[in-house]
Amino acid sequence: MAMKTVLNLRNQLEKFANSRKLSFTSNKLAPIKYAERNNSGTLLKVEFTDDKANEYPSSFLQDNCTCPQCFHPSSLSRTRKMTQLNLQNVLEKVEFNLNQVKCTWGDGHEGVFTENWLFDRRFTTDNINYLKTGLRDDPILVESSHKLHTANFNQVLNDKSVLNDTLMTLCKVGVVLIQDGPLEVGGLRKLVDKIGFIRQTHYGHEFTVKSEKNAANLAYTSIHLCVHTDLPYYVYPPGVQLLHCIKQFVGDGGRSHLVDGFLVADKMLQAYPKEFKTLCKVPLEFSDVGKDFIEFNKVHHSPTFVLEPRTGKVTRIVYSNQQLSSYQPIPIDQVDEVYHALKVFTDLCYDPKNLIQFKLNDGEMLVFDNWRYLHGREGFDPSAGDRHLEGCYVDWDEIFSRIRILQEKS
Ligand SMILES: [Zn+2]
């Protein structure tokens, strides 16, 4: 990859990290210059020293009052009930000093709001855009020429800033290769303990990927695996997958395949808008029936491209050719349209410009966004040697939460 592209990726990541310090209180001091209510008492108006007028509805302040009657301090939760909210109970008096505003409502209730509390909750366009930006928004799209971001296993475990960078890269780029991990099982658990906890599925907590007879999943054979997202038959498919290579197969074959589904969806939107729309609209049935960690019978319907209502963009790819059910809840005249769109999508996934191919080395862990990347592997000859991978999942909720904690304490 060209140096310029590397720098751009780094700049984008740094810009993002700096723009999104997540904390309960602002680090900036925003002394209050002026505060008053409007004539009808429905609004509080506050001017900070940046000379910009900010308005806060009385209803919002009433609902967010942090007095002991309204707010439970140790759980940081509202105790005031929505049924207690009285929209006719408007602001009667507003007093302020540099650091706080005291509001008195018509019923005599008093609430105090600090400068930082008010500043962080401004209803300005910039602040609203900042607040509604998700950690996985604005992804950096990845073609096959992209060199995988790497991190050292021990550093990720022991250095919180490396853990933060690794998780932020996972959010924005969607894939990280963690190197120099152990050559035995248990490494994944150590890594996930630093983030949160393993997302259990019907394949257990950690699952072992070895070639088996009578395998419950095609992954547990030596047959090639078409690129797919994992567990498309779950209503809540796991957000992130971790694969630890304990022993790589020596010889030809067995290479891993990885493709950025957001990149391919974006290319489809540009070049094949009709097919893109089909994959956004038509829910397909995925299923998995059998016995592994427990007996299971999972069925779920999902469009291939799931759109995020907040952004209108693709937020999740749900596709596995091997788990696509033979029961499909679609009208007969839509069948060919769907297959055509799926073929366009899959052919683009296997386009050498998009398909990342590599062989994991012993001790390496591939961590990737299972809502974004499709993964697969070439077939291999199981008689030529062992191949042993351990895998597990973590949900995005745990990763977002860990990032917030890491950034709050930095
Ligand atoms: Zn109160």
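Quick caveat, the model's predicted, so the values are computed rather than measured.

A.B. asks: Go over the coordination of the zinc ion with me, naming the residues and quoting the values.
C.D. replies: For the zinc ion, the protein coordination sphere consists of Cys65 (SG), Cys67 (SG), Cys70 (SG) and His109 (NE2), at 2.0 to 2.3 Å. Coordination at the zinc ion is tetrahedral: its four donor atoms span angles of 103 to 117 degrees at the metal.

A.B. asks: Go over the nonpolar core, please, and point to the residues and values.
C.D. replies: Counting 53 residues, the largest nonpolar core has Phe305, Phe345 and Leu366 as its most contacted members. The next biggest cluster of nonpolar side chains, apart from the first, holds 30 residues, and it includes Leu163, Val192, Leu242 and Ile403.

A.B. asks: Just give me the short version of the UniProt feature "domain: Gamma-butyrobetaine hydroxylase-like N-terminal" (unreviewed entry) in the protein, but keep the residues and values in it.
C.D. replies: Taking the UniProt record as the reference, the feature "domain: Gamma-butyrobetaine hydroxylase-like N-terminal" (unreviewed entry) is found at residues 39–118. In residues 39–118, helix accounts for 12% and strand for 40%; the two terminal C-alpha atoms are 20 Å from one another.

A.B. asks: Which residues make up the pattern of salt bridges, and what values go with them?
C.D. replies: In the structure shown here, the tally under the stated rule is 12 salt bridges. Notably, a salt bridge pairs Arg136 with Asp369, separated by 2.9 Å at the nearest N-O pair. Of this pair, Arg136 sits in the loop between helix 4 (125–132) and strand 9 (150–152) while Asp369 sits in strand 20 (residues 365–369), and the two are 233 residues apart along the sequence. Residue Arg136 shares its accessibility class with Asp369, and that shared class is buried. With a closest N to O distance of 3.7 Å, Glu308 and Arg310 form a salt bridge. Among the charged side chains, a salt-bridge network with shared partners connects Asp137, Glu308 and Arg310.

A.B. asks: So what's going on with the environment of Phe123? Residues and values would help.
C.D. replies: One can find Phe123 in the loop between helix 3 (115–120) and helix 4. Put simply, Phe123 and Leu61 are 62 residues apart on the chain and 13 Å apart in space, counted from C-alpha to C-alpha. Those residues in contact with Phe123, other than ones at most four positions away along the chain, are Glu55, Tyr56, Pro57, Phe60 and Ile128.

A.B. asks: Describe empty space enclosed by the protein, with residues and values.
C.D. replies: Within the structure shown, the criterion is met by two cavities of 30 Å³ or more. When residues of the lining of the second largest cavity are assigned to their parent elements, the largest contribution, four residues, is made by helix 6 (residues 160–172).

A.B. asks: Kindly report on the sheet that holds strand 8 (residues 110–114), identifying the contributing residues and their values.
C.D. replies: Ordered in space as 6-7-8, the three strands form an open sheet in which the pairing is antiparallel. Unpaired on one side and paired on the other, strand 6 (91–96) and strand 8 mark the two borders of the sheet. Direction aside, the axes of adjacent strands within the sheet are offset by 20 degrees on average.

Conventions adopted
Residues numbered from 1 in each chain as written. Predicted model: local features only at pLDDT ≥ 70, side-chain atom pairs only at ≥ 80, totals over all residues. Heavy atoms only, no water. Donors = N, O, S within 2.8 Å, 3.2 Å for Na, K, Ca; no water. Tetrahedral: all angles 85-135°; square planar, octahedral: opposite > 155°, others 65-115°. Core = buried A, V, L, I, M, F, W, Y, C linked by side-chain atoms within 4.5 Å. Buried < 20%, exposed > 50% of the residue type's maximum accessible area, 1.4 Å probe, protein only. UniProt positions renumbered as here; feature names shortened; annotations may be inferred. Helix = DSSP H or I, 4+ residues; strand = E, 2+ residues; numbered from the N terminus. Salt bridge = Lys/Arg side-chain N within 4 Å of Asp/Glu carboxyl O. Contact = heavy atoms within 4.5 Å. 1 Å grid on protein atoms, 1.4 Å probe; cavity = no way out; pocket = protein on both sides within 12 Å on 5 of 7 lines; lining within 4 Å. Points joined across faces, edges and corners; volume = space filled by probe spheres on them. Pairing = 2+ DSSP bridges. Axes fitted to C-alpha atoms, helices over the stretch in contact; angles between N-to-C directions.

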